[in-house]
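Each chain is listed here by its residues.
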Amino acid sequence: MTMSKKHPKPEELVAIDYQPRRRDWMDPHVEFRKGTFNYSANPKSMEYLGLPFVRKWQPTEDDWKLPPNWKEIILNGLRERIDRFRSLRIFMDICVRCGACADKCHFYIGSGDPKNMPVLRAELLRSVYRKDFTTAGKILGKLAGGRELTIPVLKEWFYYFYQCTECRRCSVFCPYGIDTAEITIIGRELLNLVGIGIDWITTPAANCFRTGNHLGIQPHGFKDSVDFAADDLEDITGIKVNPSVNRKGAEVLFVVPSADYFGDPHYFGFLGYLALFHEIGLDYTFSAFASEGGNFGLFHSHEMMKRLNAKIYAEAKRLGVKYIIGGECGHMWRVLHQYMDTMNGPADFLEVPKSPVTGTVFENARSTKMIHIAEFTADLIKHRKLKLDPHRNDNHRITFHDSCNPARAMGLLEEPRYILKNVCNHFYEMPENTIREQTFCCGSGSGLGTDENLEMRLRGGFPRANAVRYVHENHGVNLLVCICAIDKATLPGLMDFWVPGVSVGGLHELVGNALVMKGEKERDNDFRGTPLPGKEEKVHV
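First, a word on what this report is: a plain description of the structure on this page. (Residues numbered from 1 in each chain as written. Predicted model: local features only at pLDDT ≥ 70, side-chain atom pairs only at ≥ 80, totals over all residues. Heavy atoms only, no water.)

Looking at the pattern of salt bridges
Inspection of the entire model under this criterion finds 36 salt bridges. For the salt bridge of Asp-231 with Lys-240, the shortest nitrogen-to-oxygen distance reads 3.1 Å. Of the charged contacts, one joins Arg-523 and Glu-520 as a salt bridge, the two residues approaching to 3.9 Å between their closest N and O atoms. A relative accessible area of 17% places Glu-520 in the buried class. Bridged by salt links that share partners, the residues Asp-402, Glu-414, Arg-417, Glu-429, Glu-432 and Arg-436 form one connected network. (Salt bridge = Lys/Arg side-chain N within 4 Å of Asp/Glu carboxyl O. Buried < 20%, exposed > 50% of the residue type's maximum accessible area, 1.4 Å probe, protein only.)

Considering the nonpolar core
By size, the foremost hydrophobic cluster in this structure holds 83 residues, and its most contacted members are Leu-125, Trp-157, Phe-158, Met-495 and Trp-498. In this structure, this core is formed jointly by two domains, domain 1 (43-197) and domain 2 (204-514), each of which donates at least three residues. Within the second largest apolar cluster, 75 residues are counted, among which are Tyr-261, Phe-277, Ile-373 and Met-517. (Core = buried A, V, L, I, M, F, W, Y, C linked by side-chain atoms within 4.5 Å. Domains from an automatic or database assignment.)

Observations regarding the sheet that holds strand β6 (residues 479-482)
In space, the 3 strands of this open sheet follow the order β5-β6-β7, with parallel pairing throughout. Two strands bound the open sheet, and with one partner strand each, they are β5 (398-400) and β7 (503-506). Each strand axis lies, on average, 35 degrees off the axis of its neighbour in the sheet, ignoring direction. Relative to β7, β6 runs parallel, the two sharing 4 bridges. When the sheet's bridge partners are listed, Val-481 is paired in β7 with Gly-505. The strands touched by helix α23 (residues 507-514) within the sheet are β5, β6 and β7, with β7 carrying the most contacts at an inclination of about 75 degrees. (Pairing = 2+ DSSP bridges. Helix = DSSP H or I, 4+ residues; strand = E, 2+ residues; numbered from the N terminus. Axes fitted to C-alpha atoms, helices over the stretch in contact; angles between N-to-C directions. Contact = heavy atoms within 4.5 Å.)

Observations concerning the packing of aromatic side chains
In this structure the tally under the stated criterion is 30 aromatic pairs. An angle of 40 degrees between the planes, with centres 4.7 Å apart, marks the rings of Trp-57 and Trp-64 as tilted. By relative accessible area, which is 2% here, Trp-57 ends up buried. Look at Trp-64 and you get buried, because its relative accessible area is 2%. Here a set of aromatic residues connected by ring pairs shows up, and it is made of Phe-32, Phe-37, Tyr-39, Trp-57, Trp-64, Phe-158, Tyr-159, Tyr-160 and Tyr-162. Between Arg-169 and the ring centre of Phe-440, over which it is positioned, the NZ or CZ distance is 3.8 Å. (Phe/Tyr/Trp six-rings, centres within 6.5 Å; stacked < 30°, edge-to-face > 60°. Lys NZ or Arg CZ within 6 Å of the ring centre and 35° of its normal.)

So, the packing of helix α3 (residues 70-84) against helix α6 (residues 118-133)
Running from N to C, α3 and α6 point in directions that differ by 90 degrees, and their axes come no closer than 11 Å. Taken together, the axis directions place α3 and α6 in an arrangement best described as roughly perpendicular. Side by side, α3 and α6 meet where Leu-75, Leu-78, Arg-79 and Ile-82 of the first sit next to Leu-125, Val-128, Tyr-129, Asp-132 and Phe-133 of the second. Taken together, the residues of the contact of α3 with α6 break down into 7 nonpolar, no polar and 2 charged. (Parallel < 35°, antiparallel > 145°, perpendicular 65-115°, else oblique. Nonpolar A, V, L, I, M, F, W, Y, C, P; charged D, E, K, R; others polar.)

If you want it as structure tokens, here you go:
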């Protein structure tokens with residue numbers, strides 16, 4: 001049954017066939033069926049970024065308008081990266097195809113497609129490496145697992161490397177520590193060398209250079225959004241906060257994903273940030289240039305990642321702050337925690353972060369000089385610096401989704417839970433093998449959160465949704481909390497499809513709801529405008 005002309009239904013997607021296909025895995029031919037792939041990059045965005053071989057093309061077309069020497073470009077690119085990244089050569093050589101990763105990928109679980117097994121997805125690149133860069137492959141070819149780089153192979157790369165969210169769950173289970181996400185990054189880099197990319201990565205990256213953020217919001221629009229949020233917070237709490245933008249000499253630069261001041265449900269967490277910082281008297285400022293913490297360069301290439309991330313340190317230096325705090329974002333933190341030092345550092349013009357309220361020195365950020373908002377808030381709660389009323393969140397029965405990058409890439413596992421247990425009374429964990437280091441991805445990360453590949457997003461998100469369904473049915477959970485902008489953008493649709501009745505929210509939305517601010521008026525509503533528990537009758541009247 002084809003689903004190419006209508007949105008799929010849950011009962012259709014859950015009918016997954018795991019029977020191995022009769023077709024040889026070396027056969028590269030794929031079907032670009034609607035709902036399973038992403039559209040190509042906008043030429044204007046490619047041109048703005050200075051990317052090569054700008055042109056119009058779409059994956060469904062037979063002719064992708066490749067440059068005449070496309071094969072030479074890609075093989076030279078692979079050779080350069082093998083020489084540059086020792087890890088890549090190791091990952092290419094040491095896999096023994098044990099299959100430990102096979103059933104750990106959410107896309108394989110949700111689709112049953114063997115080429116979405118991490119071991120086989122990596123083999124799509126490894127087979128070309130083996131043919132052209134190993135003695136056995138050069139002599140024995142296919143017998144040694146080598147494949148010629150052909151146009152069908154190139155199309156196969158595009159199809160499957162954009163069905164990987166770089167979540168790295170597979171790497172947790174690999175006995176050799178192979179990071180398949182790094183292989184995906186390299187595969188995408190090679191494709192981009194010949195102008196093959198997707199628009200949901202290229203255009204946000206171009207916007208980020210043009211205006212400072214992925215959404216393309218102009219600096220004055222960013223300032224207006226911050227001021228609007230301050231007015232909203234005053235309406236709810238009766239307290240006027242005064243966040244600043246581009247203020248030199250502040251102690252802290254606060255960087256958030258652009259969706260926080262623009263999207264739903266992200267915005268409610270943004271109100272929580274403003275309330276929290278006002279309550280503790282934090283001396284902070286936003287930057288209109290670094291108005292985006294998220295880094296779509298992670299999904300494009302190492303060079304793009306470096307270019308996008310540079311603006312954070314540049315603004316910290318220009319504004320003369322002491323250190324940086326980052327908001328609730330996923331891929332922002334993989335870049336900051338694992339790449340920032342070598343790409344854009346050293347940040348020797350900054351100080352090791354030290355809380356002005358508790359005196360805690362965050363030694364874990366000694367090199368990057370940047371801490372996560374969850375670390376900062378958990379420290380405040382531990383030292384009893386906040387007055388919290390968790391009953392204000394009693395209308396929520398909550399579970400927590402460990403967003404892949406803060407969890408697996410950063411190890412931020414206990415701080416969010418510590419916060420939740422202090423700001424709400426009804427918290428329930430999903431099954432142990434679906435959380436913390438083993439957390440399932442939302443299915444839409446790494447630039448795949450688009451409508452054109454909706455079916456694959458829903459398939460990839462099925463394992464996460466299935467775990468949410470468990471706590472929904474057994475504990476009445478009605479709110480899924482996370483600390484990632486992409487999660488907040490894509491999990492609502494996933495919940496509506498697989499687990500109706502569960503909403504999505506951010507960690508600091510609940511912090512803001514529970515925070516009892518000095519001098520606040522009697523609060524009747526939470527940040528969403530919903531009556532607080534016990535206030536329903538008063539609000540109704």
